[in-house]
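# Summary of the model geometry
Below, each chain spelled out in residue letters.
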Amino acid sequence: MISRSARPSENLLEELQAALSHGTVARRVETLRRVTDLFVGNAVDYSDDHIRVFDDVFQCLIEQIETSARTLLADRLAPIAAAPPKIIRTLALDEVIEVAGPVLSKSERLDEATLIEIARTRGQAHLKAISLRRVLSEALTDVLVTRGNEEVVQSTVSNPGAQLSEVSLTDLVTRAERDDDLATCIGLRPDLPRHHYLRLVAKASLSVRRKLEAAHPELAEEVSSVVQEAAQRVRAAAMTRQTEMARALVKSLHEDGRLNEVQVAAFADQGKFDETNAGLAALAGVAVETAENMMIESRTEGVMILAKVAGMSWASVRAIIAMREKLSGDSQTDMLTLRDTYEALRSSTAQQVLRFHRMQHSTTPAA
C-alpha cells in the first residue's frame, strides 16, 4: 500500500514531466511553487526516500529558472532542518547572494565541507551570510577571519555562536590595536581567554592615553593615572573563576613551601598563564597585579626583571618567555641574545626597576 505522503510526490513527478515537456518558464515556476508548498506543509512526515524524491524534483525545476523563483525557494527551504540536501547545496553555491544568502545563514542541512568551500571561494557577501549562522566552528571562523573584510570579521566576532580558535584570537587581538570597533566586539565576548583580554586592554589603554594626551597635554599626568586606574578596574572585573582558582592554588603551594622555579616553569610549559604569573609574583615578592602588568605590557624585560629578583635560572625564564610568545602571537625573539641580557642583568638593578614598577602601579590620582 502506498503511503499518503508518497502518493503526492509520485503525482508531482508526472506533473514535473509535463512541465518540462512544455518548456515554459511560467509552467516550471508554478510547478515549483506547488512542489514547495507540498514539501513545506508535510516536511516532518517525510522519510529519507521521500526527501530524495523531492530533491530530484527541485533539481529539475530550478534549471533555467529566474532568480526571483530561486530566491523564494531558498527563503522557504532554509529554515527547514530536513530540507533536501542536494538542492540546499545547489542554492548555497549560487553566485547570486539573494539566492545563496538565506541558505548560508540559516540552513542546518549544509555540511561543514560545503560551508568552508564557499567561504574560501565566494565573495564578501557570501562570507557575511555565513557569519550570521547560529553556530560557527573554529575551522569555519578561521576562514572568515582570514578572508573576510572588516564587516565580515566584526559580524563573526559579534556572533555568540562563533567558536574562535587560538590562531584567530591572536590575529584578531593584533588587528584590534588599530580598530576600536573590533576591540570592543572582541572585548565583549564572554568566552575570551583572560590572556587575550588583558593584552587587548593593555593595548587599548595605551591608544586611549595617546589620544587624550594629544588633545589635552596640560592634563597628561592626570590622564595617565586615570587611564591606568581604569585599566586596573577592567582587569579586576575580568577576573574569572579559573583565575581565582589558579591564584588560590599558587598561594597554597607558596604557603606550604612547595612553590619553586621548577613548578613555575612547569606551569609555563603547560601554557598556564594565571598560574605562571601568580607563581612568578610570589617568588619575586610582589603583588600579582604588579607582575601581571609587567607580563602583559612589556615584551620581555618585565619577565626578566621579576625572574632576576626571584633568583630564577635562565632555563625557567626561557620557558616563561616562550609561553608569552605563544599566547600573544608575538614573533619569536632571539633567545641567545635574551640569555646574554638576562645573565648580565644585576640583581640590584632588577630590584631598583621593580621598585619603580611598584611605585608606578600603586600611585592613585590626587583627590
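Basis of the calculations
Residues numbered from 1 in each chain as written. Predicted model: local features only at pLDDT ≥ 70, side-chain atom pairs only at ≥ 80, totals over all residues. Heavy atoms only, no water. Salt bridge = Lys/Arg side-chain N within 4 Å of Asp/Glu carboxyl O. Helix = DSSP H or I, 4+ residues; strand = E, 2+ residues; numbered from the N terminus. Buried < 20%, exposed > 50% of the residue type's maximum accessible area, 1.4 Å probe, protein only. Axes fitted to C-alpha atoms, helices over the stretch in contact; angles between N-to-C directions. Left-handed = near helix turned anticlockwise from the far one by under 90°. Contact = heavy atoms within 4.5 Å. Nonpolar A, V, L, I, M, F, W, Y, C, P; charged D, E, K, R; others polar.

So, on to the pattern of salt bridges. Inspection of the entire model under this criterion finds 15 salt bridges. For the salt bridge of E108 with R134, the shortest nitrogen-to-oxygen distance reads 3.7 Å. Here E108, found in the loop between helix 6 (97-106) and helix 7 (112-121), pairs with R134, found in the loop between helix 8 (124-131) and helix 9 (138-147); they are 26 residues apart in sequence, far enough to count as distant. In this pair, the class of E108 matches that of R134, namely exposed. For D191, the salt bridge is made with R189, and the minimal N-O distance between the two is 2.9 Å. What you see here is one network of salt bridges that share partners, running through E30, R33, D37 and R76.

Taken N-terminus to C-terminus, the directions of helix 7 and helix 8 make an angle of 145 degrees; their axes are 8 Å apart at the nearest point. Note on packing geometry: the crossing formed by helix 7 with helix 8 is left-handed. On helix 8, the residues that touch L115, I118 and A119 of helix 7 are H126, L127 and I130. Per-class residue counts for the contact of helix 7 with helix 8 are five nonpolar, one polar and no charged.

Before going further, it helps to examine the side chain of N277. With respect to the element layout, N277 can be found in helix 17 (residues 273-284). Among residues more than four places away in sequence, those in contact with N277 are V288, A291, E292 and M295.

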